[in-house]
Amino acid sequence: MNAGNDEVDRIVDSWLRERPDLDFSPLQVLSRVARLAKHLDRARRTAFERSELESWEFDVLSALRRAGTPYELSPKALLQQTLVSSGTMTNRIDRLVGRGLVERRTDPNDGRGILVTMTGQGLTRVDAAITRLVDAEAELLDVLSSTDQDRLAALLRKLSLDFD
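Notes on the structure in this doc start here. (Residues numbered from 1 in each chain as written. Predicted model: local features only at pLDDT ≥ 70, side-chain atom pairs only at ≥ 80, totals over all residues. Heavy atoms only, no water.)

Our next topic: the layout of surface pockets. There is about 840 Å³ of room inside the largest pocket. Lining the largest pocket are 20 residues; nearest its centre among them are Val33, Leu36, Leu141, Leu152 and Leu156. At 8 residues, helix H2 (residues 25-50) tops the list of elements feeding residues into the lining of the largest pocket. When the residues that make up the lining of the largest pocket are grouped by side-chain class, the tally is 14 nonpolar, 4 polar and 2 charged. (1 Å grid on protein atoms, 1.4 Å probe; cavity = no way out; pocket = protein on both sides within 12 Å on 5 of 7 lines; lining within 4 Å. Points joined across faces, edges and corners; volume = space filled by probe spheres on them. Helix = DSSP H or I, 4+ residues; strand = E, 2+ residues; numbered from the N terminus. Nonpolar A, V, L, I, M, F, W, Y, C, P; charged D, E, K, R; others polar.)

Structural data, given as structure tokens:
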């Protein structure tokens with residue numbers, strides 16, 4: 001493998017040798033995306049572990065954090081933002097309450113409804129985790145100029161619009 005080639009080039013070259021009848025250009029893009037996703041997943045796990053959070057805990061806490069003060073949402077809003085089932089969300093809220101990272105309280109606008117509110121400890125943890133995550137992700141993208149990062153983001157956005 002020469003200095004300008006990566007593992008995907010090696011894989012594609014091997015496939016081209018074995019199956020010259022196929023167009024392997026999708027692998028040039030999506031195999032790299034898949035490999036980069038693994039590196040990103042590792043960086044995220046490390047950032048979350050250093051803040052003593054599981055990735056699912058970060059997902060719930062970050063949804064609350066992005067909601068702004070007083071950092072609370074209904075369980076339904078949390079479901080919509082984290083894309084999990086109702087039962088899964090109930091379990092996650094129970095576990096976060098047990099860890100002191102969120103509290104349940106009655107919705108003052110609907111006495112039958114509840115709101116999930118982030119505690120000070122939850123806020124501290126999620127802020128530390130997002131700071132570490134942004135630093136780790138910036139490091140992963142360090143080899144690209146800001147112009148290249150913007151172009152890549154625009155291309156990935158275009159590709160992902162049909163999925164979202």
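Turning our eyes to something else, we now look at a nonpolar patch on the surface. A surface patch of nonpolar side chains, about 800 Å² in accessible area, is lined by Val29, Leu30, Val33, Leu140, Leu141, Leu152, Leu156, Leu159 and Phe163. When residues of the nonpolar patch are traced back to their parent elements, those giving at least two are H2 and helix H7 (146-160). Within the secondary structure layout, leucine 159 lies in helix H7. (Patch = residues over 30% accessible without salt bridge, like charges linked within 9 Å, V, L, I, M, F, W, Y side chains within 5 Å. Areas by Shrake-Rupley, 256 points an atom, 1.4 Å probe, with all protein chains shown as cover. Salt bridge = Lys/Arg side-chain N within 4 Å of Asp/Glu carboxyl O.)

It is at 10 Å that the axes of helix H1 (residues 7-18) and H2 come closest, and there the two elements cross at 140 degrees. Of the possible angle classes, the one that applies to H1 and H2 is oblique. The handedness of the crossing between H1 and H2 is right-handed. Contact with H1, carried on its side by Glu7, Val8, Asp9, Ile11, Val12 and Trp15, involves Leu27, Gln28, Ser31, Arg32 and Arg35 of H2 and no other residues of that element. The residue makeup of the contact of H1 with H2, split by class, is 5 nonpolar, 2 polar and 4 charged. (Axes fitted to C-alpha atoms, helices over the stretch in contact; angles between N-to-C directions. Parallel < 35°, antiparallel > 145°, perpendicular 65-115°, else oblique. Left-handed = near helix turned anticlockwise from the far one by under 90°. Contact = heavy atoms within 4.5 Å.)

Moving on: helix H5 (residues 86-98). Along its 13 residues, H5 runs 18 Å from first to last C-alpha, staying within 8% of the 18 Å computed at 1.5 Å per residue. Restricting attention to buried positions, one finds in H5 the residues Met89, Arg92, Ile93 and Leu96. Axial view of H5: buried residues confined to an arc of 100 degrees, hence all on one face. The inward-facing, buried residues of H5 abut helix H3 (55-66), helix H4 (75-82), strand S2 (102-107) and strand S3 (110-118). (Expected span 1.5 Å × (residues − 1). Buried < 20%, exposed > 50% of the residue type's maximum accessible area, 1.4 Å probe, protein only. Arc of directions from axis to C-beta.)

Attention shifts here to the pairing of S2. Examined bridge by bridge, S2 and S3 share 6 bridges and lie antiparallel to one another. Within S3, the position partnered with valine 102 by the bridge is methionine 118. Count of turn residues in the S2/S3 antiparallel hairpin: 2 residues. (Pairing = 2+ DSSP bridges.)

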